[in-house]
Amino acid sequence: MVYLPGDSSPSPNLVSRFPGVPSLNSTYGAVLLGSYFGLMMYGFNLHQAYRYARLFPGDQLFLKAVVVAVLILESFHTVLCMHMSYYYLAVNYFDPLALLSGSWSIDMLPISAGVTIIACQTFFVRRVYHLVGRRYTFLVIIVIALLIGELAFSAAATAEAFIQPTFAKYEHVTWLISVGFGLALAADGILTTVLILCLRQSRTGVRRTDSVVDVLILYAITTGLLTSVFNTLAFLFALIEPNNLVYVGINIIASKLYATSLFAALNSRVALTQQGNGASTVIFGTTGVASPGSGAAPRVMFPTLDRWSVAAGPPTGTSDTELQDAHTKAESNDRLESQERLEETKQAPIPEGLHTLTALNVQPEPQPQTA
């Protein structure tokens, strides 16, 4: 507090000489809130990545590479968020001129988010490709083109951010960010729509399988809706409110949501496979699907999930005879249930040209050899 000589109270004249600082609610306040939520989501994604490493050590190298790449990109994106929050709100909190100019961290944010989105979407594009087969390859090509366009506009927005020294001069190019989010939104819409249509056409008439299909449809709608909502918000705010930084805060959350959707899709395979007798392994990329009309049998792309289920040991005090009787009874029940499912599958109409759930290979267990 500043005092004049001989005064016991602060001088109002000196206080009035300080320049007024404009409200930061819609600028760095929005960035700070986006960073808060982004850090929470980053912690959740780290936990999901750890859980994935524990549950699926035998996954294909492609999936492991995608997970590692997304983690690296997410970590870099989080560092950018922390640096720009500290730079503007701690180092230069009372420097209005610094608040009007961009820093390297906020300039790098568009390309960081764009690369993260395209890395996560690689998994979802691959999943849809294995579902629809070669007949609808043009849809996959369209999605890939949209994602490449999204990355290109993100790179252009980053380049312009380094060229333009102040936010005021950057306002006329925020449409680059808006177009990038619009392309990502279109890619999300196509992928989600194709996945839902494939699932609806994959009904076999078997109650248990159809219930899992309903769960998968609900999951596809939920995850696709979340990313689509935030992409839409970022698209609109970057277009109609270029003079503030609300779109930056939304950009942070949208980028984290893609990683969250990826890890949710990977880690939900255990529960959905146990519920649906393997249906989710087809939907979520653990089992390849033969191309329609090829006549080839479905090929297994990832190991089955049986190895990760830990069976409980027998209760103490159980005799060998009781254990053998229980084992024989369990085998008999399993064979009966498998035969019933096989009969239901044979009687149910299977959509022509789609092999999504016929890749379950539901067959009765082989009869034990008798001496």
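In this text, all values refer to a predicted model and were calculated from it rather than measured experimentally.

1. Thoughts on the confidence of the model for the protein
Phase 1 of the analysis: Confidence in the prediction of the protein, expressed as mean pLDDT, is 75, and 64% of residues score 70 or more.
Phase 2 of the analysis: In this model residues 348-368 is a low-confidence stretch, pLDDT under 50, and it forms 48 contacts with partners more than four residues away in sequence or in other chains.

2. Description of the packing of helix H3 (residues 61-91) against helix H11 (residues 246-267)
Phase 1 of the analysis: Two elements in contact, H3 and H11, have axes separated by 11 Å at closest approach and are oriented at 155°. On the basis of their axis angle, the class for H3 and H11 is roughly antiparallel. In this structure, the crossing between H3 and H11 has a hand that is left-handed. Facing Leu63, Val66, Val67, Val70, Leu71, Glu74, His77, Thr78, Cys81 and Met84 of H3, the residues of H11 in contact are Val248, Ile252, Ser255, Lys256, Ala259, Leu262, Phe263 and Leu266.

3. Considerations on the layout of surface pockets
Phase 1 of the analysis: Here the second largest pocket defines a volume of roughly 320 Å³.
Phase 2 of the analysis: Within the residue set of the lining of the second largest pocket, elements represented by two or more residues are helix H4 (96-99) and helix H8 (167-170).
Phase 3 of the analysis: Sorting elements by how many residues they give to the lining of the second largest pocket places H8 first, with 3 residues.
Phase 4 of the analysis: For the lining of the second largest pocket, the class distribution of residues is 12 nonpolar, 4 polar and 1 charged.

4. Notes on the packing of aromatic side chains
Phase 1 of the analysis: Here the structure, examined in full by the defined rule, presents 8 aromatic pairs.
Phase 2 of the analysis: Where Tyr87 meets Tyr88, the ring centres are 4.9 Å apart and the plane angle is 85°; that geometry is what we call edge-to-face.
Phase 3 of the analysis: On the basis of relative accessibility, which here comes to 27%, the residue Tyr87 falls in the partly exposed class.
Phase 4 of the analysis: On the basis of relative accessible area, Tyr88 is assigned to the buried category, the value being 1%.
Phase 5 of the analysis: Among the aromatic residues, those joined into a cluster by ring pairs are Tyr28, Tyr87, Tyr88 and Phe167.

Rules used in this analysis
Residues numbered from 1 in each chain as written. Predicted model: local features only at pLDDT ≥ 70, side-chain atom pairs only at ≥ 80, totals over all residues. Heavy atoms only, no water. pLDDT = per-residue confidence, 0-100. Contact = heavy atoms within 4.5 Å. Axes fitted to C-alpha atoms, helices over the stretch in contact; angles between N-to-C directions. Helix = DSSP H or I, 4+ residues; strand = E, 2+ residues; numbered from the N terminus. Parallel < 35°, antiparallel > 145°, perpendicular 65-115°, else oblique. Left-handed = near helix turned anticlockwise from the far one by under 90°. 1 Å grid on protein atoms, 1.4 Å probe; cavity = no way out; pocket = protein on both sides within 12 Å on 5 of 7 lines; lining within 4 Å. Points joined across faces, edges and corners; volume = space filled by probe spheres on them. Nonpolar A, V, L, I, M, F, W, Y, C, P; charged D, E, K, R; others polar. Phe/Tyr/Trp six-rings, centres within 6.5 Å; stacked < 30°, edge-to-face > 60°. Buried < 20%, exposed > 50% of the residue type's maximum accessible area, 1.4 Å probe, protein only.

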